[in-house]
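Spelled out from the first residue to the last, the chains are:
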Amino acid sequence: MSTPGTEHEVREENPENSENPENSVTEHRLHPVTPLRRAWAPVAVIFGWAMHDPDGAQRQLSRLTTTTLLIGLAVFVPAAALYGFLTWWFTHFAVTGAELRIRTGLVFRRTAHIRLERIQAVDVTQPLLARVAGVAKLRLDVIGTDKKDELAYLGEAHARALRAELLARAAGFEPERAREVGEAPVRQLLHVPAGVLALSVVLSGATWGTLLAAVVVPPVLWFATHSVWTVVATALPLLGAAGASSVGRFVGEYDWTVGESPDGLRIDHGLLDRAHETVPPGRVQTVRIVEPLLWRGRGWVRVELDVAGSSNSLLVPVAPRAVAEGVIERVLPGVTVPRSPARPPRRAGWCVPFWWRGYGLAVTDSVFVARHGLLRRSLALVPHAKVQSVRLEQGPWERHKGLANVHVDTGANKTVTARLRDADEASRLLADQADRSRTGRREALPDRWMA
């Protein structure tokens with residue numbers, strides 16, 4: 001499965017039993033443009049050293065004559081190119097009957113054996129230069145691992161074809177059938193217009209907060225210290241945070257599209273770097289509906305996710321609430337978002353003055369729902385089947401006021417908390433939620449793709 005002129009095949013056969021498909025594997029190399037990426041590793045090491053010790057780097061550079069510098073470049077550039085070529089040459093991957101095998105390493109060899117049935121998402125990403133070169137990166141979410149394995153780079157068509165094959169194989173299709181399935185059809189559910197996204201960024205409190213800090217803090221430090229380095233060391237991170245919360249967010253979430261396919265919800269986004277991600281069915285542990293203060297007049301919300309074993313955490317960057325709830329229904333079938341979670345008793349104001357009004361709780365037949373926040377409201381929905389444990393917590397002052405917090409832990413190592421509930425209500429909730437979780441897991445459908 002390779003594109004002529006881009007990926008190279010290596011035939012690996014076991015002469016003892018060449019008729020067994022497990023012993024006859026076609027290995028592939030990455031795209032020939034990959035050595036250019038790998039060649040930057042030695043440059044990155046030197047650059048990192050220079051940034052770590054700029055004075056030492058400047059002293060070493062001042063000692064070099066023009067002749068020495070030219071000789072060093074004449075040696076270093078070919079060495080970096082050779083390193084890139086050799087790391088590409090010794091990197092192979094192959095899809096066998098039961099696993100994806102990735103062999104890497106120039107000096108120390110490493111072979112990753114990724115069981116196909118444990119693959120839960122395969123994302124295709126294209127940084128800007130990769131888009132220019134017509135290549136893409138394949139990133140794999142595997143159950144039980146925190147770090148993503150990746151294949152970088154493949155030809156764009158090859159990456160999409162390999163993604164489709166891996167998803168089909170993970171869904172249980174036979175190897176021959178998996179290659180014929182191809183890319184699953186997609187039905188578009190949501191597209192975020194650029195104008196709406198830009199306005200939502202402008203109306204975000206984080207954007208104004210970081211910009212205000214970037215404008216106010218450096219002058220204050222200058223009058224306090226009269227040190228240029230202190231001001232620069234403080235201003236640069238603040239400017240970077242301001243850029244990430246405004247321009248960076250717009251660039252990353254540009255052209256956000258959500259589509260439904262048999263292998264999960266497809267998410268495509270990015271202005272410079274394009275990403276093609278998948279939210280695997282059945283792996284979503286928590287859905288959060290976030291409603292910033294300045295968005296309420298327009299009825300906009302943001303939908304975030306906790307997915308077990310995956311870093312994909314955003315489903316909808318901005319959308320009208322009705323549209324966002326329609327997308328949530330595709331993630332959590334049959335779930336209706338509660339409109340008015342019950343507030344804690346008024347005596348909770350003795351524990352958390354004023355802000356206690358932002359807390360709330362609702363429990364339906366399918367989800368545990370907790371709300372918090374007044375200026376930036378957040379409503380967390382946890383399917384009963386995804387609850388791993390339930391805990392009750394009381395501090396001394398809460399015991400005095402007859403209140404308690406109920407914590408619900410999910411499979412994504414996250415916790416959702418119903419705060420400042422009546423102590424008797426919390427005790428009943430603790431027992432009832434444990435029963436609901438057992439029943440939910442028993443009745444939950446298996447997580448299968450392309451069913």
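What you are looking at is a predicted structure, and each value in this text was computed from that prediction instead of being measured.

### Focus: the overall build of the chain
Right, so step 1: Counting secondary structure elements, the chain contains 13 helices and 21 strands.
Right, so step 2: Residue burial in the chain is summarised as follows: out of 451 residues, 43% are buried.
Right, so step 3: When the accessible area of the chain is evaluated, it comes to approximately 23700 Å², of which 60% is carbon and sulfur surface.

### Points about the packing of aromatic side chains
Within a pair of aromatic rings, the relevant descriptors are the distance that separates the centres and the angle that separates the planes.
Right, so step 1: Considering all chains together, one arrives at six aromatic pairs under this definition.
Right, so step 2: Arranged with centres 6.3 Å apart and planes meeting at 80°, the rings of Trp295 and Trp300 form a pair that is edge-to-face.
Right, so step 3: The cationic tip of Lys401 hangs over the ring face of Trp350; the distance from NZ or CZ to the ring centre is 4.6 Å.

### Quick word on the nonpolar core
Right, so step 1: Core analysis: the biggest nonpolar cluster contains 35 residues, and Val258, Val287, Leu315 and Leu381 have the highest contact counts within it.
Right, so step 2: At the level of elements, β11 (264-269), β13 (284-291), β14 (300-307), β15 (314-320), α11 (321-331), β17 (367-372) and β18 (377-383) are the ones that each hand at least two residues to this core.
Right, so step 3: Other than its neighbours up to four places away in sequence, Val287 contacts Val303, Glu304, Leu305, Ile328, Val331, Leu332, Leu379, Ala380 and Leu381.
Right, so step 4: Core analysis: the second largest hydrophobic core is formed by 23 residues, Trp88, Ile102, Val124 and Leu138 among them.

### Focus on the sheet that holds strand β12 (residues 274-279)
Right, so step 1: The strand order across the open sheet formed by seven strands is β8-β7-β6-β12-β11-β10-β9, and the pairing between neighbours is antiparallel. Among the strands making up the open sheet, the edge pair consists of β8 (149-155) and β9 (187-191). Adjacent strand axes in the sheet meet at a mean angle of 20°, parallel and antiparallel pairs treated alike.
Right, so step 2: Contacting β9, β10 (257-261) and β11, α11 crosses the sheet at an angle of about 140° to β9.

### Regarding the sheet that holds β13
Right, so step 1: Read from one edge of the open sheet, six strands run β15-β14-β13-β18-β17-β16, paired in antiparallel fashion. A single partner strand is all that each edge strand has here, and the edge strands are β15 and β16 (360-363). Across the sheet, the mean angle separating the axes of adjacent strands is 15° when strand polarity is ignored.
Right, so step 2: Direction of pairing for β17 relative to β18: antiparallel, over a ladder of six bridges. Across the sheet, residue Phe368 finds its bridge partner in β18, namely Val382.

### Notes on the pattern of salt bridges
Right, so step 1: Counted under the stated rule, the structure contains 19 salt bridges.
Right, so step 2: For the salt bridge of Arg274 with Asp255, the shortest nitrogen-to-oxygen distance reads 3.4 Å. Taken as a pair, Arg274 in strand β12 and Asp255 in the loop between α10 (228-253) and β10 lie far apart in primary sequence, 19 residues in all.
Right, so step 3: Under the relative-accessibility criterion, Asp255 is labelled partly exposed at 28%.
Right, so step 4: Here Glu325 ties to Arg321 by a salt bridge, and the two come within 3.1 Å at their closest N and O atoms. In this pair, Glu325 and Arg321 are both assigned in helix α11, four residues apart and thus about one turn of the helix distant.
Right, so step 5: One network of salt bridges, with partners in common, ties together Arg249, Glu253, Arg288, Arg302, Glu304, Asp306 and Arg376.

### Describing the environment of Val406
Right, so step 1: In this fold, Val406 is placed in strand β20 (residues 403-410).
Right, so step 2: Look at Val406 and you get buried, because its relative accessible area is 0%.
Right, so step 3: When the C-alpha positions of Val406 and Glu393 are compared, they lie 6.4 Å apart, and in sequence the two are 13 residues distant.
Right, so step 4: Residues contacting Val406, with those up to four places away along its chain left out, are Val390, Arg391, Val416, Thr417, Ala418, Ala426 and Leu429.

### A short note on the confidence of the model for the chain
Right, so step 1: With 83% of its residues at a pLDDT of 70 or more, the chain has an overall mean of 82.
Right, so step 2: Confidence drops under a pLDDT of 50 for residues 1-7, and excluding neighbours within four residues, the segment shows 20 contacts in the predicted structure.

### Quick word on the packing of helix α8 (residues 194-202) against α10
Right, so step 1: At a minimum axis separation of 10 Å, α8 and α10 run at an interaxial angle of 155°. When the axis of α8 is compared with that of α10, the two are roughly antiparallel. The two elements α8 and α10 cross, and the hand of that crossing is right-handed. Contacts between α8 and α10 involve Ala194, Leu197, Ala198, Ser200 and Val201 from the first element and Ser245, Ser246, Arg249, Phe250 and Glu253 from the second.

### Remarks on a nonpolar patch on the surface
Right, so step 1: A contiguous nonpolar patch, built from Leu82, Tyr83, Phe85, Trp89, Phe90, Leu106, Val107 and Phe108 and spanning about 810 Å² of accessible area, is present on the exposed surface.
Right, so step 2: Residue position: Leu82 is located in helix α4 (residues 66-89).

Reading the values: rules and limits
Residues numbered from 1 in each chain as written. Predicted model: local features only at pLDDT ≥ 70, side-chain atom pairs only at ≥ 80, totals over all residues. Heavy atoms only, no water. Helix = DSSP H or I, 4+ residues; strand = E, 2+ residues; numbered from the N terminus. Buried < 20%, exposed > 50% of the residue type's maximum accessible area, 1.4 Å probe, protein only. Areas by Shrake-Rupley, 256 points an atom, 1.4 Å probe, with all protein chains shown as cover. Phe/Tyr/Trp six-rings, centres within 6.5 Å; stacked < 30°, edge-to-face > 60°. Lys NZ or Arg CZ within 6 Å of the ring centre and 35° of its normal. Core = buried A, V, L, I, M, F, W, Y, C linked by side-chain atoms within 4.5 Å. Contact = heavy atoms within 4.5 Å. Pairing = 2+ DSSP bridges. Axes fitted to C-alpha atoms, helices over the stretch in contact; angles between N-to-C directions. Salt bridge = Lys/Arg side-chain N within 4 Å of Asp/Glu carboxyl O. pLDDT = per-residue confidence, 0-100. Parallel < 35°, antiparallel > 145°, perpendicular 65-115°, else oblique. Left-handed = near helix turned anticlockwise from the far one by under 90°. Patch = residues over 30% accessible without salt bridge, like charges linked within 9 Å, V, L, I, M, F, W, Y side chains within 5 Å.

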